[in-house]
Amino acid sequence: MDERENRLAATTSPYLQQHARNPVDWYPWGEEALSRARAEDKPILLSVGYSACHWCHVMAHESFEDDETAALMNREFINIKVDREERPDIDAIYQKVVQLMGQGGGWPLTVFLTPDQRPFYGGTYFPPEPNFGRPGFRQVLVGLADAYRNEPAKIRAQAQRFVDGIAALGELLVDPRQEGGDALADRPGLAAPQALTRAGGALLQHHDPRWGGFGSAPKFPCPTALELWLACAKATSDAPLTGLKGHAATALRRTLEMMWRGGMYDHLRGGFSRYSVDPYWRVPHFEKMLYDNAQLLALYAEASALWPEDAWLWRVVVDTIDYLEADMRAPSGAFYAATDADSEGVEGKYFTWSFEQLTEALDDPALAARIARVYGVTGAGTFEHGLSVLQRQEPLAALAPALGVPEEALAAELEAARARLLARRYTRVPPGLDDKVLTSWNALLISGLCRAAAVAEARGEEARAERVRALAVAALDTLLKEHVQEDGSVLRASFRGRAHTRGFLDDVAGLARACLDVHEHTLDPALLAAARRLAAHALAHHAREGGGFYLSADDAEPLLDRSEQAVDSASPSGAGVALEVLLRLEADGALDDAPELAGARAHVAATLERLAALVDQPLGGASLIRAAQHRSPDAIHVTVRGEGAATLAAAVRRARLELPGPITLTRGPDVGETSAIVCRGQVCTAPLLEVTELARALSRRP
């Protein structure tokens, strides 16, 4: 190790390695640091972040790279750095500290612990000097070090209050029994048909009707919640939804259009940034996360099947997949985690343009003026330092007359200019790449690619469908070979060929769902068997007594708290994905046939009952609500078999794009002639031999 590097240089995290040359005496989380804290009776300074986090970089530059601040940290604290993407269990515990302090949480997360890991103070970003209504970081360090030395009883009491609060938060968040009595007896269960209606309607109360999305600034995509509106919009009739179908469809389409038009979408390469700093989707935080793009490409794909007249919907899907394949795919076939917001230490420098830069790249002042109008590039700039974020606020049909160019000609000019601008952008210093591979995020992408492949197939784009499907298959093959151990346990991540860290619920459940999704395309029975093994592993190691699931496994490192994973964040909760997997396997009969899944049916029932309160929290409970619809009257399971099974399976995938309820598909034993059996609940058809028969059976209402 270079003498200028600290312990983080040897870690598997690109984020931790970003801090390897800090003058801070950093430790990764582990027994070495914890033992030293106990031996020296020093408080722990825990700093949690991730590689693409802009404000993590700001705090690093201001404080962790400052010799005076580092000396103070090294003298008074044992300093531990954690990558929240590698260790969501640690992050989940200590985010609750700042939530209890009324700060809402976020990154960078800065929490101070006693040597036995109990928190006594916390916050997010601290400026070096008092600013933004926050105390200065050095001021905090001095005050807490003094309190730890001179007021130990006060520190112990504060730590106990936080420990008690952390324990209470989880139960109050998801357990309806905490609300008392039967005041909410009219609430539908998660699996009730009206659960979707209630949740979809509740989401409309948070909708921004002008700009789309939820709430104001900062504005996040919330794809798990948008999936509820997609389900409502696909309803075959508005009657049972009491007008919700039309409202949900309008809200969803508006949101998808505004996200695409704004600067959060990368109009040159494809793909979405993490969120918008304003309510209008115009200026993003420029980091690109795999989990966002995995979910959004699936959402845009299925929306393009609903509204095929809106060509931009499918264009978003195509360009996003091209971006992921070109810029984010590892040689192994899996996909990297993220790219940074910053380039050369400046936020957004890689993505933004001045009018002069645009003119120089296009080498045609008149053309540059037209393209600048299309993309909203101004002389003063729409971002910082005279730079503009590319966006498409006005449709070409409205711009063409104003620019004196036919719409078709303007569209052709835009495509040619886009290619030239992208080529010029590739000559810039790119943002940092977080080149670790995360199981759960790759699993989300595999499932998203499967949905996009089904839409391409339905559009008659067979070559594209096969290419997208091949990307999903290759990524899944890598995860199953490199991230699943011989005992069936799953590893969270790999970095440059080294897989590590006990997997969490979202890793295990997400990988199981990815196996089911790819199986529906390839009909490979080995993938169905793998999904069953992974589901059994989730039940054995993550199930919570009385219903629900824990984030960490029962044999993982013991921490201050074992967090439950029931509520959606930027990605679906592990509980929502696990419930979906178990219900899909139930439809296939696996819960009855597989001894390793004994008890699964009872646990599903307990989970549906215990987490019913999340029907009224659709921004956090969307994945559970969607999963539970596999118990709805509209839910269908299809078994195909025989030499022509692939043709029947393709018909099922097409039908899924149009029908309102969830459809699951498995390949049965290849005995007898080619056929399909369609089951709703406990009622199944006779074997259907023709695609036309299958289509009629699928479209028939229960």
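Structure's up top.
About the thresholds
Residues numbered from 1 in each chain as written. Predicted model: local features only at pLDDT ≥ 70, side-chain atom pairs only at ≥ 80, totals over all residues. Heavy atoms only, no water. Helix = DSSP H or I, 4+ residues; strand = E, 2+ residues; numbered from the N terminus. Rg over C-alpha atoms; globule rule 2.2 N^0.38 Å. Buried < 20%, exposed > 50% of the residue type's maximum accessible area, 1.4 Å probe, protein only. Contact = heavy atoms within 4.5 Å. Areas by Shrake-Rupley, 256 points an atom, 1.4 Å probe, with all protein chains shown as cover. Lys, Arg positive; Asp, Glu negative; His and termini not counted. Charge placed at Lys NZ, Arg CZ, Asp CG, Glu CD. Pairing = 2+ DSSP bridges. Axes fitted to C-alpha atoms, helices over the stretch in contact; angles between N-to-C directions. Polar contact = N/O pair within 3.5 Å; in protein donor to acceptor, adjacent residues only side chain to side chain. Parallel < 35°, antiparallel > 145°, perpendicular 65-115°, else oblique. Left-handed = near helix turned anticlockwise from the far one by under 90°. Core = buried A, V, L, I, M, F, W, Y, C linked by side-chain atoms within 4.5 Å. Salt bridge = Lys/Arg side-chain N within 4 Å of Asp/Glu carboxyl O. Nonpolar A, V, L, I, M, F, W, Y, C, P; charged D, E, K, R; others polar. Expected span 1.5 Å × (residues − 1). Phe/Tyr/Trp six-rings, centres within 6.5 Å; stacked < 30°, edge-to-face > 60°. Lys NZ or Arg CZ within 6 Å of the ring centre and 35° of its normal.

### What to know about the overall build of the protein chain
Link 1 in the chain: Helix and strand counts for the protein chain stand at 26 helices and 19 strands.
Link 2 in the chain: Scaling as 2.2 N^0.38, a compact globule of 702 residues should have a C-alpha radius of gyration of about 27 Å, and the protein chain matches this with 26 Å.
Link 3 in the chain: Per-residue burial for the protein chain yields a buried fraction of 59% across its 702 residues.
Link 4 in the chain: Restricting the contact set of the protein chain to residue pairs at least 6 apart, pairs at least 24 apart contribute 68%.
Link 5 in the chain: Just so you have it, the protein chain exposes about 26,800 Å², and 52% of that area is on carbon and sulfur atoms.
Link 6 in the chain: One finds the centroid of the 73 positive side-chain charges in the protein chain at a distance of 2 Å from the centroid of its 95 negative side-chain charges.

### What to know about the sheet that holds strand β14 (residues 491-495)
Link 1 in the chain: Across the sheet, three strands lie side by side as β13-β14-β15; this open sheet has antiparallel pairing. The sheet terminates laterally at β13 (436-438) and β15 (498-502), the two strands that pair on one side only. For this sheet, the mean angle separating the axes of adjacent strands, direction not counted, is 25°.
Link 2 in the chain: Sheet analysis places β13 next to β14, joined by three bridges and oriented antiparallel. Paired with L438 across the two strands is A493, which belongs to β14.

### Observations concerning the side chain of K219
Link 1 in the chain: Here K219 is to be found in the loop between α8 (193-204) and α9 (223-233).
Link 2 in the chain: A polar contact of 2.8 Å, which involves the side chain of K219, links it to the backbone oxygen of G212.
Link 3 in the chain: Engagement of the side chain of K219 in a polar contact is seen with the backbone oxygen of P279, the distance being 2.8 Å.

### Regarding the packing of helix α10 (residues 244-261) against helix α12 (residues 311-327)
Link 1 in the chain: Where α10 meets α12, the axes come as close as 11 Å, and the angle between the chain directions of the two elements is 55°. Put simply, α10 runs oblique to α12. The handedness of the crossing between α10 and α12 is left-handed. Where α10 approaches α12, its residues R253, L256, E257 and W260 are matched on the opposing element by W312, L313 and V316.

### With respect to the nonpolar core
Link 1 in the chain: Judged by nonpolar contacts, the single largest core of 152 residues is most densely connected at Y300 and L597.
Link 2 in the chain: Ranked by the residues each element gives to this core, the list is headed by helix α17 (residues 439-458), at eleven residues.
Link 3 in the chain: Not counting chain neighbours up to four residues away, the residues in contact with Y300 comprise L256, M259, W260, F272, W312, L313, V316 and V317.
Link 4 in the chain: Grouped together as the second largest cluster of nonpolar side chains are 22 residues, A372, L399, A400 and A417 included.

### Thoughts on the pattern of salt bridges
Link 1 in the chain: Enumeration according to the criterion identifies 61 salt bridges in this entry.
Link 2 in the chain: With a shortest N-O distance of 2.9 Å, D319 and R315 are connected by a salt bridge. Of this pair, D319 and R315 are both found in helix α12, four residues apart, which corresponds to roughly one turn of the helix.
Link 3 in the chain: Classification of D319 as buried rests on a relative accessible area of 9%.
Link 4 in the chain: Linking R601 and E586 is a salt bridge whose minimum nitrogen-to-oxygen distance equals 2.7 Å. Residue R601 is found in helix α23 (residues 600-610), and its partner E586 is found in helix α21 (residues 574-587); the two are separated by 15 residues along the sequence.
Link 5 in the chain: Taking the relative accessible area as the measure of exposure, R601 reaches 36% and is therefore partly exposed.
Link 6 in the chain: Classification of E586 by relative accessible area gives buried; the value is 16%.

### Notes on the packing of helix α13 (residues 355-362) against helix α16 (residues 407-425)
Link 1 in the chain: As a packed pair, α13 and α16 sit with axes 9 Å apart at the nearest point and diverge in direction by 105°. Here α16 runs roughly perpendicular to α13, going by the angle between their axes. Only A417, R420, L421 and R424 of α16 make contact with α13, whose side of the interface consists of L358, E360, A361 and L362.
Link 2 in the chain: Looking at side-chain class alone, the contact of α13 with α16 contains five nonpolar, no polar and three charged residues.

### Some points on the sheet that holds strand β17 (residues 663-667)
Link 1 in the chain: Sheet architecture is open: four strands sit in the order β17-β16-β18-β19, paired in mixed fashion. Either end of the sheet is taken by a strand with one partner, and the two such strands are β17 and β19 (683-684).
Link 2 in the chain: Each of β16 (636-641), β17 and β18 (675-680) touches helix α25 (residues 645-656); the most contacted strand, β17, lies at about 170° to it.

### Observations regarding the pairing of strand β2 (residues 44-49)
Link 1 in the chain: Burial of β2 is extensive: six of the six residues sit out of reach of the surface.
Link 2 in the chain: As defined by bridge partners, β2 adjoins strand β3 (residues 78-83) across six bridges and the pair is classed as parallel. By the bridge assignment for β3, L46 is matched with I80.
Link 3 in the chain: Summarising the sheet, β2 and strand β4 (residues 109-113) pair through five bridges and their orientation is antiparallel. Within β4, the residue paired with L46 across the bridge is V111.

### Here's the deal with α10
Link 1 in the chain: For α10, which comprises 18 residues, the first-to-last C-alpha distance of 25 Å matches the rise-based estimate of 26 Å (1.5 Å per residue) to within 8%.
Link 2 in the chain: Of all the positions in α10, only L244, A248, A249, A251, L252, T255, L256, E257, M258, M259, W260 and R261 are classed as buried.
Link 3 in the chain: Summarising the contacts, the buried residues of α10 are in contact with α8, α9, α11 (290-306) and α12.

### Comments concerning the packing of aromatic side chains
Link 1 in the chain: As enumerated under the stated definition, the model contains 19 aromatic pairs in all.
Link 2 in the chain: Arranged with centres 6.1 Å apart and planes meeting at 80°, the rings of F64 and F137 form a pair that is edge-to-face. Of this pair, F64 sits in helix α3 (residues 54-64) while F137 sits in helix α6 (residues 137-150); the two residues are 73 residues apart in sequence, bridging distant segments of the chain. Considered together, F64 and F137 belong to a single accessibility category, that of buried residues.
Link 3 in the chain: Centre to centre, the rings of F286 and F383 are 5.3 Å apart; their planes meet at 75°, and the pair counts as edge-to-face. Of the two residues, F286 sits in the loop between β7 (284-285) and β8 (288-289) while F383 sits in the loop between α14 (365-375) and α15 (396-403), which places them 97 residues apart along the sequence.
Link 4 in the chain: The rings of W26, F64, F126 and F137 are connected pair by pair, giving a single aromatic cluster.
Link 5 in the chain: The ring of Y27 is capped by R7, whose NZ or CZ atom sits 3.7 Å from the centre of that ring.
Link 6 in the chain: In this structure, K81 is placed above the aromatic ring of W26, and the distance from its NZ or CZ to the ring centre is 5.2 Å.

### What to know about unusual backbone geometry
Link 1 in the chain: Of the consecutive residues W107 and P108, the connecting peptide bond is found in the cis state with omega at 5°.
Link 2 in the chain: Examined against the element boundaries, P108 turns out to sit in the loop between α5 (88-100) and β4.
Link 3 in the chain: Positive phi is not limited to glycine here, since W281 has a value of about 65°.
Link 4 in the chain: Within the fold, W281 resides in the loop between β6 (275-276) and β7.

### Considering the environment of A605
Link 1 in the chain: By the element assignment, A605 lies in helix α23.
Link 2 in the chain: In the structure, A605 is positioned 57 residues away from G548 in sequence and 9.9 Å away in space, judged by C-alpha atoms.

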